[in-house]
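Listed here are the chains, written in short residue letters.
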Amino acid sequence: MSSKAVQSISKSASAAAGSIGTAAVAAASAVAAAAVAASIVLSPVPDATSRMDGVHADLLRAVQLNQITPEQAEKFEAKLAGRILGES
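Quick look at the structure, then. The model shown is predicted, which means the values in this text are computed figures rather than measured ones. (Residues numbered from 1 in each chain as written. Predicted model: local features only at pLDDT ≥ 70, side-chain atom pairs only at ≥ 80, totals over all residues. Heavy atoms only, no water.)

Turning to the overall build of the protein, a few remarks are in order. Helix and strand counts for the protein come out as three helices and zero strands. Scanning the protein from its N terminus toward the C terminus, one meets helices and strands in the order α-α-α. In the protein, which comprises 88 residues, the proportion classed as buried is 10%. (Helix = DSSP H or I, 4+ residues; strand = E, 2+ residues; numbered from the N terminus. Buried < 20%, exposed > 50% of the residue type's maximum accessible area, 1.4 Å probe, protein only.)

In structure tokens, the structure reads:
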């Protein structure tokens, strides 16, 4: 077999291996994403009080970072409380 033929085969094999490696990485990423999604879907839903505690903490942090005013936080929390606690 000529040296050019061997080089051509080597390049083709390397390209195929690269494609397979890329496909394997993509498949692994898809499996990881599916696992994360399943864990979110199958995790228990927090009760309304826990959700409101999280909302309060998030809004307090937003006020501390000057992203919203305390008045905006208060109004938004009241609005969400009506929705979240109304579901219970």
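Now that the structure has been shown, the text picks up again.
Here the focus is the nonpolar core. Ranked by size, the top nonpolar core spans eight residues in total: Ala48, Met52, Val55, Leu59, Val63, Ala73, Leu80 and Ile84. Elements supplying a minimum of two residues to this core: helix 2 (48-64) and helix 3 (70-87). It is helix 2 that provides the largest number of residues to this core, a total of five residues. Sequence-distant contacts of valine 55, defined by excluding residues within four places in its chain, comprise Glu77, Leu80 and Ile84. (Core = buried A, V, L, I, M, F, W, Y, C linked by side-chain atoms within 4.5 Å. Contact = heavy atoms within 4.5 Å.)

A few words on the environment of aspartate 58. Tracing the backbone through its elements, the reader meets aspartate 58 in helix 2. Considered as a pair, aspartate 58 and alanine 73 are 15 residues apart in the sequence and their alpha carbons are 9.4 Å apart.

Here the focus is unusual backbone geometry. With the exception of glycine, the majority of residues adopt a negative phi angle, and the majority of peptide bonds are in the trans configuration. The backbone phi angle of asparagine 66 is positive, close to 60°, even though this residue is not glycine. Looking at where asparagine 66 falls in the secondary structure, it is placed in the loop between helix 2 and helix 3.

Here helix 2 spans 24 Å end to end across 17 residues, near enough to the 24 Å set by a 1.5 Å rise per residue. Of all the positions in helix 2, only Ala48, Met52, Val55, Leu59, Ala62 and Val63 are classed as buried. In an axial view of helix 2, the angular spread of the buried residues amounts to 100°, which keeps them on one side of the axis. For helix 2, the exposed residues lying more than 90 degrees away from the buried face are Asp53, Asp58 and Gln64. Immediately beyond the C-terminal end of helix 2, within one or two residues, lies asparagine 66, with a positive phi of roughly 60°. (Expected span 1.5 Å × (residues − 1). Arc of directions from axis to C-beta.)

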